[in-house]
Amino acid sequence: MKIRISVNGFFKIKDMTLADVDNCAVLEERIFAHAWSKKSIEDTLAAKENICMTVTDSDGSFVGYCIFMTSFDDADLCRIAISEKYRRNHIADNLLENALNKLKEKGIKRVLLEVRESNEPAISLYKKYGFEQIGIRKNYYSEPVENGLVFLLEIIPSITTVH
């Protein structure tokens, strides 16, 4: 896993475990209008085909997480969340990069996601990794009501040559 050096130490990205679920549920409640329940997070984690990762800081404090649900060679980015006090440190960037590498290793070919059309930092991040907007879901989000932009990333497998 990639470790990014910060001013105060480092951030560690790792696979999510059951021990992380409580922290994820707390962050869900703080960030999302329609938070996933602890049980929903546990159930998603229990499905071994899914990619669920967390980030902690140098003191072991919980920083954030991401959840991708996979089916055959497709994946959906369901959640990516970073605690407000840690934002703008490229943590989501590193978390997404690590997760996309894991998805590629699993043979995932396409990743879909929805994002609020006003969430410019997230849209910029997704575009950086090659996601392209393929649609709009009118009034997809509530509290406040807002359109959701649908993005797709086509993952190109590595080309290997046989000698």
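Now for a look at the structure at hand.

Here is what the cut-offs are and how they apply
- Residues numbered from 1 in each chain as written.
- Predicted model: local features only at pLDDT ≥ 70, side-chain atom pairs only at ≥ 80, totals over all residues.
- Heavy atoms only, no water.
- Helix = DSSP H or I, 4+ residues; strand = E, 2+ residues; numbered from the N terminus.
- Rg over C-alpha atoms; globule rule 2.2 N^0.38 Å.
- Buried < 20%, exposed > 50% of the residue type's maximum accessible area, 1.4 Å probe, protein only.
- Contact = heavy atoms within 4.5 Å.
- Areas by Shrake-Rupley, 256 points an atom, 1.4 Å probe, with all protein chains shown as cover.
- Lys, Arg positive; Asp, Glu negative; His and termini not counted.
- Charge placed at Lys NZ, Arg CZ, Asp CG, Glu CD.
- Axes fitted to C-alpha atoms, helices over the stretch in contact; angles between N-to-C directions.
- Parallel < 35°, antiparallel > 145°, perpendicular 65-115°, else oblique.
- Left-handed = near helix turned anticlockwise from the far one by under 90°.
- Salt bridge = Lys/Arg side-chain N within 4 Å of Asp/Glu carboxyl O.
- Pairing = 2+ DSSP bridges.
- Right-handed = clockwise from strand over helix to strand, strands pointing away.
- Arc of directions from axis to C-beta.
- Polar contact = N/O pair within 3.5 Å; in protein donor to acceptor, adjacent residues only side chain to side chain.

**So, the overall build of the protein chain**
- Per the secondary structure count, the protein chain includes 4 helices and 8 strands.
- Relative to the globule expectation of 15 Å for 163 residues, the C-alpha radius of gyration of the protein chain, 16 Å, shows essentially globular dimensions.
- With respect to the principal axes defined by its C-alpha atoms, the protein chain has extents near 50 × 40 × 30 Å.
- The burial tally for the protein chain puts 42% of its 163 residues in the buried class.
- In the protein chain, the share of contacts with a sequence separation of at least 24, taken over all contacts with a separation of at least 6, comes to 60%.
- Accessible surface computed for the protein chain: about 9700 Å², of which carbon and sulfur atoms make up 51%.
- The protein chain carries 22 positive and 24 negative side-chain charges, and their two centres are separated by 3 Å.

**Quick notes on the packing of helix α1 (residues 21-31) against helix α2 (residues 38-46)**
- Across the interface, α1 lies against α2 with an axial gap of 9 Å and an inter-helix angle of 130°. Classified by the angle their axes make, α1 and α2 are oblique. Seen along the crossing, α1 lies across α2 with a hand that is right-handed. Contacts between α1 and α2 involve Val21, Asp22, Cys24, Ala25 and Glu28 from the former and Lys38, Ile41, Glu42 and Leu45 from the latter.

**Some thoughts on the pattern of salt bridges**
- The tally for this structure, following the rule as stated, stands at 11 salt bridges.
- A salt bridge links Lys109 to Asp73, with the nearest nitrogen and oxygen atoms 3.8 Å apart. Here Lys109, found in the loop between α3 (91-105) and β6 (110-116), pairs with Asp73, found in the loop between β4 (62-71) and β5 (74-82); they are 36 residues apart in sequence, far enough to count as distant.
- A relative accessible area of 40% places Lys109 in the partly exposed class.
- A salt bridge links Asp93 to Lys128, with the nearest nitrogen and oxygen atoms 2.4 Å apart. One end of the pair, Asp93, is in helix α3; the other, Lys128, is in helix α4 (residues 120-128), with 35 residues separating them in the sequence.
- One connected set of salt bridges, linked through shared partners, spans Asp73, Asp74, Lys109 and Arg110.

**Details of the pairing of β5**
- The pairing of β4 with β5 spans 8 bridges and is classified as antiparallel. The residue of β5 that forms the bridge with Ile67 is Arg79.
- Where β4 folds back on β5, the antiparallel hairpin that results is connected by 2 residues, among which Phe72 adopts a positive phi of roughly 55°.
- Between the parallel elements β5 and β6, the chain passes through α3 in a crossover that is right-handed.

**Quick word on α4**
- Of all the positions in α4, only Ala122, Ile123, Leu125 and Tyr126 are classed as buried. Along the long axis of α4, the arc covered by the buried residues comes to 160°, so they all point the same way. Along α4, the residues that are exposed and aim more than 90 degrees away from the buried face are Glu120, Pro121, Lys127 and Lys128.
- Buried positions along α4 lie against β5, α3, β6 and β8 (146-154).
- Backbone nitrogen of Ala122 and a side-chain oxygen of the N-cap are separated by 3.2 Å at the start of α4; the cap is Asn119.
- Looking one or two residues beyond α4, the residue adopting positive phi is Gly130, at roughly 95°.

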